[in-house]
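Listed below, chain by chain, are the residues.
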Amino acid sequence: MKILKRFWKRLSTPSKAAAGVVLLMGFIGGLLFWGAFNTGMEATNTEAFCSSCHAPIVKEIRETIHYSNRSGVRAICSDCHVPHDWTDKIVRKVQASKELAFHFLGTIDTDEKFKARRGHLAHREWQRMKDNNSQECRNCHQFDYMDFSEQGPRAVSQHSTALAVGDKTCVDCHKGIAHKLPDMRDVAGWQ
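Residues numbered from 1 in each chain as written. Predicted model: local features only at pLDDT ≥ 70, side-chain atom pairs only at ≥ 80, totals over all residues. Heavy atoms only, no water.

Enquirer: Residue-level account of a nonpolar patch on the surface, with values.
Expert: A cluster of nonpolar side chains, Leu24, Phe27, Ile28, Leu31 and Leu32, forms an exposed patch at the surface whose accessible area comes to about 540 Å². With respect to the helices and strands, Leu32 occurs in helix α2 (residues 16-43). (Patch = residues over 30% accessible without salt bridge, like charges linked within 9 Å, V, L, I, M, F, W, Y side chains within 5 Å. Areas by Shrake-Rupley, 256 points an atom, 1.4 Å probe, with all protein chains shown as cover. Salt bridge = Lys/Arg side-chain N within 4 Å of Asp/Glu carboxyl O. Helix = DSSP H or I, 4+ residues; strand = E, 2+ residues; numbered from the N terminus.)

Enquirer: For the packing of α2 against helix α5 (residues 86-105), give the residues involved together with the corresponding values.
Expert: Between α2 and α5, the least distance of the axes is 12 Å, while the angle of their chain directions is 75°. Viewed along their axes, α2 and α5 adopt a mutual orientation that is roughly perpendicular. Contacts between α2 and α5 involve Trp34, Phe37, Met41 and Glu42 from the former and Trp86, Lys89, Ile90 and Lys93 from the latter. The residue inventory of the contact of α2 with α5, partitioned by class, reads five nonpolar, no polar and three charged. (Axes fitted to C-alpha atoms, helices over the stretch in contact; angles between N-to-C directions. Parallel < 35°, antiparallel > 145°, perpendicular 65-115°, else oblique. Contact = heavy atoms within 4.5 Å. Nonpolar A, V, L, I, M, F, W, Y, C, P; charged D, E, K, R; others polar.)

Enquirer: Let's hear about the packing of aromatic side chains: which residues, and what values?
Expert: This model, assessed by the stated rule, comprises three aromatic pairs. Between Phe33 and Phe37, the aromatic rings sit 5.9 Å apart at their centres with planes inclined by 20°, giving stacked as the arrangement. Within this pair, Phe33 and its partner Phe37 are both found in helix α2, separated by four residues, close to a single helical turn. Residues Trp34 and Trp86 carry aromatic rings whose centres are separated by 5.8 Å and whose planes lie at 40° to one another, so their mutual orientation is tilted. On the criterion of sequence distance, the pair formed by Trp34 in helix α2 and Trp86 in helix α5 is long-range, its members being 52 residues apart. (Phe/Tyr/Trp six-rings, centres within 6.5 Å; stacked < 30°, edge-to-face > 60°.)

Enquirer: How would you explain the pattern of salt bridges if you had to name every residue and give the values?
Expert: Applying the stated rule across the entire model yields nine salt bridges. The residue Glu63 makes a salt bridge to Lys59 at a minimum N-O spacing of 3.4 Å. Neither residue differs from the other here; Glu63 and Lys59 are each classed as exposed. Note that Glu99 and Arg92 form a salt bridge whose closest N and O atoms lie 3.2 Å from each other. Connected via shared salt-bridge partners are Arg92, Glu99, Arg124, Glu125, Arg128 and Glu136. (Buried < 20%, exposed > 50% of the residue type's maximum accessible area, 1.4 Å probe, protein only.)

Enquirer: Report on the side chain of Lys89, specifying residues and quantitative values.
Expert: Tracing the backbone through its elements, the reader meets Lys89 in helix α5. Notably, Lys89 is buried but unbridged: the nearest opposite-charge side chain belongs to Glu42, and the N-O separation is 4.2 Å. Residues within four places of Lys89 in sequence aside, it is in contact with Met41, Glu42, Asn45, Val82, Pro83 and His84. (Lys, Arg positive; Asp, Glu negative; His and termini not counted.)

Enquirer: Report on unusual backbone geometry, specifying residues and quantitative values.
Expert: The backbone of Asn133 shows a phi angle near 60°, a positive value even though the residue is not glycine. Relative to the assigned elements, Asn133 resides in the loop between α6 (111-131) and α7 (135-138). For Ser134, which is not a glycine, the phi torsion comes out positive at approximately 55°. Its location among the elements puts Ser134 in the loop between α6 and α7. Given a relative accessible area of 0%, Ser134 falls into the buried group.

Shown next, in the form of structure tokens:
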């Protein structure tokens with residue numbers, strides 16, 4: 001009994017060294033967690049990661065101006081589908097974990113199943129981009145620096161009116177710029 005009392009007293013009144021060791025271990029653990037978390041975040045932003053489930057979609061991108069162009073600037077999946085702002089990126093990654101779950105549960109684990117759901121997924125993604133004013137597009141394409149003399153008459157008209165006053169956003173007119181448009185006949189809410 002006396003040993004238990006001494007042991008309890010030692011546990012209930014730790015020394016400064018013990019408190020320091022616990023704090024140091026917490027700090028090191030936090031660094032290790034942050035490093036692993038950040039490494040995981042970056043690994044899921046690669047084209048290789050995306051193509052492990054969406055190979056046909058990644059192939060589509062390789063046939064567009066966003067992949068190969070005269071300026072040599074290349075956009076990959078995460079440039080358009082993952083917000084650049086850290087807080088928004090975390091929110092999007094949590095949302096994407098649902099998509100991973102559906103893949104592993106078998107809902108969209110084959111090209112045929114994915115193709116059948118593609119219209120619904122595209123509609124949801126377009127709505128997300130519309131809701132954030134096409135921020136991922138605007139990370140590269142800045143309205144203030146557009147050279148209207150290099151655009152066709154229709155683009156000049158659209159960019160200088162609806163886009164300039166905020167009535168529309170990039171995704172309203174540019175659906176299908178990086179992907180083939182999916183069959184939208186069975187998508188509720190599609191015009």
